[in-house]
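# Residue-level structure breakdown
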Amino acid sequence: MEQNHITVQQLCQTIDLIHTCIDDYPYVYDLVNDYYYISPDAAKRFAMSSHSFHDVVENLRAFVYPSDFEALQKDLAEVLSGVKDTHNMQYRMMNTDGEPIWINCRGHLVTENGKPSYMVGCINEIGKRQKADNISGLLGESSLRSYLEEFSPFFPSGYLLRLGIDDFKGINEKLGVEYGDHILKKTAECISSCLYPGQQLYRLVADEFMILDFLGDGLEHAINLYKNVRTTIDQFVESNHYEAVFTISGGVLENSSLDDFSFSDIMKLSEYALNEAKRRGKNQCYSFVLEDYEQYLKRRHLKQIIRQAVCNNYEGFQAYFQPLFHADSHTLYGAETLMRFYTPEYGMVSPGDFIPILEETGLIIPLGRWILHQALFACKHIQQWIPDFQINVNVSYIQIMKSNIISEIVSAAEQYEIHPSRVVIEITESGKLESDVHFSKIWDKLKSNGIRLALDDFGTGYSNFHYLNDLQPDVIKIDRSFTAKAMVNEYEYNLLSLMSGLVHDLKLKICIEGIETEEEHNRMLDLKPDYSQGFYYGRPCPLIDFIEQFVKMSS
Ligand code: C2E
Ligand code: MG
Ligand code: MG
């Protein structure tokens, strides 16, 4: 564009005048003076030190995403040298939180007396959510953002309720996307009908909504609102003749639990609260509790540490051994292998905390293999003193269903020259195994190889007498929770006694776990268990200590 009547200074003044009226970021790039001026809002959003600067290319380097910088520099050089007169590029700029944001940057070159003078244009965020959502008829996430950024510091009380349709994906898949849109619209109507004047509703991603109540109401109010929404949705599902059956979950975030009101914090914490409601079984409301969130962060961090440890040759993991005794003669016959995990950040982490993480991530498969080798190595070593020493290894149902654990046990027993009958695998969650169709085949293989099975934690949630027939285990291990209850409750004691009789009638062996005191020892011995285990006889410890404390003195 020749004949430039507007000066750079006038353009800067125009930007100052209009920037409060638009969401995008207009800019001017003065090529003569190597000067850049952009809407002041850009400096609040992106990691630029100021919204006006000289030495433009070098300054851009500070906030343009590093791997996009070279392409931007090349494109600008073409505009500057007059090879082309428009700039139109998509690249990333770092925001003030250090995250890359995709932007679209357009500009056109204005020349004066045939020479490039300045480039004027506009930057807009590609990912910026729609201001309004035409399906639900509600305002969208960017409107929520503007509202929160502008007003939330003035509202120290009140709450946010984030709502999400449970399994919305299933509705889209089964009934089609158009029907899914219809459900979204109806859900928005149901929610709107429950609101009081002054409460605001926004549509977030896909199947989520956010209610803002800055009227000063508290948690109880938020939970009642959630219940109203749930009832209204139930009524809609019924009036819709159950064509689409769905529920809704809610996560509450009280304003008082927020230290700072940054939009990203609010979104992050409310997302956590909603996810927690879904994780706890859906169709319910969870209110944000800082301790829960810290637990969740710790668990997430632990997951990372565990992954690193596995890559780092299982650093921090250790095998401990707890002695197993013949109950009547009190002679040592074996040990249970128990996994331990130490990290400098958290110290000794309990298996109750890390075993579920290993199962969830599938890392129980390599770690299960690792502990198996530790166990068989230890068993072979101890057999120098006690030739028929037996080793028990805990095996998770994940290992049974998703790996070749049985073949691995058989070949590891061969490798360490241990008779398979000296290896006992302990499994807990037999209920989950029973439903697996391949399980009986796996089971037959285990039995035909002579490896024995102990049903662990008998007396807790997952076990029942039905498994005794299905799995035909060799040993039943009675859990500490049962033992402890039997000590203080006559009914429980009689139940345990009856159970022992029944198990013995089936010609199976019983091991009573978790005996801690002499009194417990005496009382439990009356039940005539075959084996006993517990802190009273010996705590789990590393192999060297186990040999010193238990093996050498009994051989
Ligand atoms: P479990 O297999 O039932 O192991 C027995 C648990 O009871 C062990 O807890 C042991 O330290 C504890 N214990 C033994 N005697 C007493 C006692 O007298 N009093 C009390 N209060 N506790 C006693 P630990 O080592 O914390 O392990 C917990 C659970 O983690 C194990 O229960 C097992 O289910 C699982 N686990 C441990 N190691 C492994 C492993 O290598 N693989 C798998 N899949 N699970 C493991
Ligand atoms: Mg066990
Ligand atoms: Mg047990």
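Above: the structure in question.
Our subject in this report is the structure included herewith. (Residues numbered from 1 in each chain as written. Chains lettered and ligands numbered in written order. Predicted model: local features only at pLDDT ≥ 70, side-chain atom pairs only at ≥ 80, totals over all residues. Heavy atoms only, no water.)

### A few points about the coordination of the magnesium ion (ligand 2)
For clarity, the threshold we go by: Counted as donors are N, O and S atoms no farther than 2.8 Å from the metal, or 3.2 Å for Na, K and Ca; water is not among the atoms, and sites may therefore look incomplete. To qualify as a helix, a DSSP run of H or I must reach at least 4 residues; to qualify as a strand, a run of E must reach at least 2; elements of each kind are numbered from the N terminus. Burial classification: accessible surface area is computed with a 1.4 Å probe over protein chains only, and a residue below 20% of its type maximum counts as buried, one above 50% as exposed, and the rest as partly exposed.
Around the magnesium ion (ligand 2), the donor atoms from the protein are Glu 336 (OE), Asn 394 (OD1), Glu 426 (OE) and Asp 456 (OD), and they sit 2.0 to 2.3 Å away. Here the donor residues of the magnesium ion (ligand 2) are spaced in sequence according to E-x57-N-x31-E-x29-D. Here the magnesium ion (ligand 3) and the magnesium ion (ligand 2) are spaced 4.0 Å from one another, each receiving a donor from Asp 456. With Glu 336 in strand 15 (residues 332–343) and Glu 426 in strand 18 (residues 423–427), this pair connects stretches of sequence that are 90 residues apart. By the burial criterion, Glu 336 is buried, and Glu 426 matches it.

### Some points on the nonpolar core
Stated precisely, the cut-off is as follows: Note on terminology: a nonpolar core comprises buried Ala, Val, Leu, Ile, Met, Phe, Trp, Tyr and Cys residues joined through side-chain atoms within 4.5 Å. A contact between two residues is defined here by any heavy atoms of the two lying within 4.5 Å.
In terms of nonpolar packing, the biggest core is built from 81 residues, with Ile 306, Phe 317, Leu 376, Phe 389, Ile 478 and Phe 546 touching the most fellow members. Take this core: its biggest share by element is eleven residues, from helix 12 (residues 364–382). Other than its neighbours up to four places away in sequence, Phe 389 contacts Leu 332, Tyr 333, Gly 334, Ala 335, Cys 379, Ile 382, Gln 383, Arg 422 and Phe 546. Tyr 159, Leu 161, Ile 191 and Leu 225 belong to the second-largest nonpolar core, a separate cluster that totals 28 residues.

### Quick word on the site of ligand 1
Short version of the rule: Residue proximity to a molecule or strand is established when one non-hydrogen atom of the residue lies within 4 Å of it. Here a polar contact is taken to be a pair of N or O atoms separated by no more than 3.5 Å, where protein atoms must pair a possible hydrogen donor with a possible acceptor and residues adjacent in sequence count only if both atoms sit in side chains. Here, Shrake-Rupley sampling with a 1.4 Å probe gives the accessible areas, and only protein chains in the shown set may cover a residue. Residues are called lining when one of their atoms sits within 4 Å of a cavity or pocket point, these points coming from a 1 Å grid over the protein atoms alone, where a cavity is a set in which a 1.4 Å probe fits but cannot get out and a pocket is an open set with protein on both sides within 12 Å along at least five of seven lines. Criterion for pocket placement: a molecule counts as inside a cavity or pocket if more than half of its atoms are within 2 Å of its grid points. Note that Gly is not counted as nonpolar here; it falls among the polar residues with everything else outside the nonpolar set of Ala, Val, Leu, Ile, Met, Phe, Trp, Tyr, Cys and Pro and the charged set of Asp, Glu, Lys and Arg.
Neighbouring ligand 1 are 23 residues; Arg 340, Asn 394, Asp 456, Glu 516 and Phe 535 lie closest to it. Between ligand 1 and Asp 457 there is a distance of 3.0 Å, counted from an oxygen atom to a side-chain nitrogen or oxygen. Glu 513 is positioned with one of its side-chain polar atoms (N or O) 3.5 Å from an oxygen atom of ligand 1. In isolation ligand 1 offers 800 Å² of accessible surface; the protein chains occlude 81% of this area. Counting atoms within 2 Å of the grid points, the majority share of ligand 1 lands in the second largest pocket. The set of elements that each furnish at least two residues to the shell around ligand 1 consists of strand 15, helix 11 (351–361), helix 12 and strand 19 (452–458). For the shell around ligand 1, a count of residues per class yields ten nonpolar, five polar and eight charged.

### Remarks on the layout of surface pockets
Convention followed: Grid points are joined across faces, edges and corners, and a volume is the space filled by probe spheres set on the points.
In this structure, the second largest pocket spans a volume of roughly 970 Å³. Contributing to the lining of the second largest pocket are 38 residues, with Glu 336, Leu 338, Pro 351, Asn 394 and Asp 456 lying nearest its centre. Looking at the lining of the second largest pocket, the elements that each hand over two or more residues are strand 15, helix 11, helix 12, strand 17 (390–394), helix 13 (397–402), strand 18 and strand 19. In terms of residue class, the lining of the second largest pocket is made up of 15 nonpolar, eleven polar and twelve charged.

### Thoughts on helix 12
The test is simple: Between the first and last residue of a helix there are one fewer steps than residues, each counted as 1.5 Å, and that sum is the expected span.
Across its 19 residues, helix 12 extends 26 Å between first and last C-alpha, which sits within 8% of the 27 Å expected from 1.5 Å per residue. Residues of helix 12 that are buried: Ile 364, Ile 365, Leu 367, Gly 368, Trp 370, Ile 371, Leu 372, Ala 375, Leu 376, Ala 378, Cys 379 and Ile 382.

### A word on the pairing of strand 17
The line we're drawing: By definition, two strands form a pair when at least two bridges between them are found by DSSP.
Along strand 17, four of the five residues are buried, which leaves the element largely enclosed by surrounding structure. Strand direction decides the pairing type here: strand 15 and strand 17, joined by four bridges, are parallel. Note that in strand 17 the partner of Ala 335 across the bridge is Ile 391. Looking at chain direction, strand 17 and strand 18 are connected through four bridges and run parallel. Considered in strand 18, the bridge of Asn 392 is made with Val 424.

### Here's the deal with the coordination of the magnesium ion (ligand 3)
Protein-derived ligands of the magnesium ion (ligand 3) are Asp 456 (OD), Asp 457 (OD), Glu 513 (OE) and Glu 513 (OE), with the metal-ligand distances lying across 2.2 to 2.7 Å. When the donors of the magnesium ion (ligand 3) are listed by position in the chain, the intervening gaps give D-D-x55-E.

### Thoughts on the pairing of strand 5 (residues 100–112)
Bridge analysis of strand 4 (residues 86–94) against strand 5 gives nine bridges, and the strand direction is antiparallel. Bridge pairing in strand 5 places Tyr 91 opposite Ile 103. Taken together, strand 4 and the strand that follows it, strand 5, pair antiparallel across an intervening segment of five residues, in which Gly 98 is found at a positive phi of about 80 degrees. Bridging between strand 5 and strand 6 (residues 115–125) involves ten bridges; their strand directions are antiparallel. Within strand 6, the position partnered with Glu 112 by the bridge is Lys 115. Where strand 5 hands over to strand 6, the hairpin turn is made up of two residues, of which Asn 113 adopts a positive phi near 55 degrees.

### Concerning the packing of helix 5 (residues 141–151) against helix 9 (residues 263–279)
Where we set the bar: For every element, the axis is a line fit to its C-alpha atoms; helices are fit only across the contacting stretch, and the angle between N-to-C directions ranges from 0 to 180 degrees. Oblique is the label for any angle not covered by the other classes, which are roughly parallel (under 35 degrees), roughly antiparallel (over 145) and roughly perpendicular (65 to 115). Note: crossing handedness is left-handed where the near helix turns anticlockwise from the far helix by less than a right angle, and right-handed where it turns clockwise.
Packing of helix 5 against helix 9 brings their axes to within 10 Å, and their N-to-C directions diverge by 120 degrees. By the angle between their directions, the pair helix 5 and helix 9 is classed as oblique. Once helix 5 is placed against helix 9, the crossing between them reads as right-handed. Seen from helix 5, the contacting residues are Glu 141, Leu 144, Arg 145, Leu 148 and Glu 149; seen from helix 9, they are Phe 263, Ile 266 and Met 267. Class assignment of the residues belonging to the contact of helix 5 with helix 9 gives a composition of five nonpolar, no polar and three charged.

### Remarks on the packing of helix 18 (residues 480–488) against helix 20 (residues 518–525)
Packed helices, taken two at a time, are described by the angle their axes make and the gap between the axes. Their axes nearest at 11 Å, the elements helix 18 and helix 20 cross at an angle of 90 degrees. Judged by the inter-axis angle, helix 18 sits roughly perpendicular to helix 20. Across from Arg 480, Thr 483, Ala 486 and Met 487 in helix 18, the residues of helix 20 making contact are Glu 519, Glu 520, Arg 523 and Met 524. For the contact of helix 18 with helix 20, a count of residues per class yields three nonpolar, one polar and four charged.

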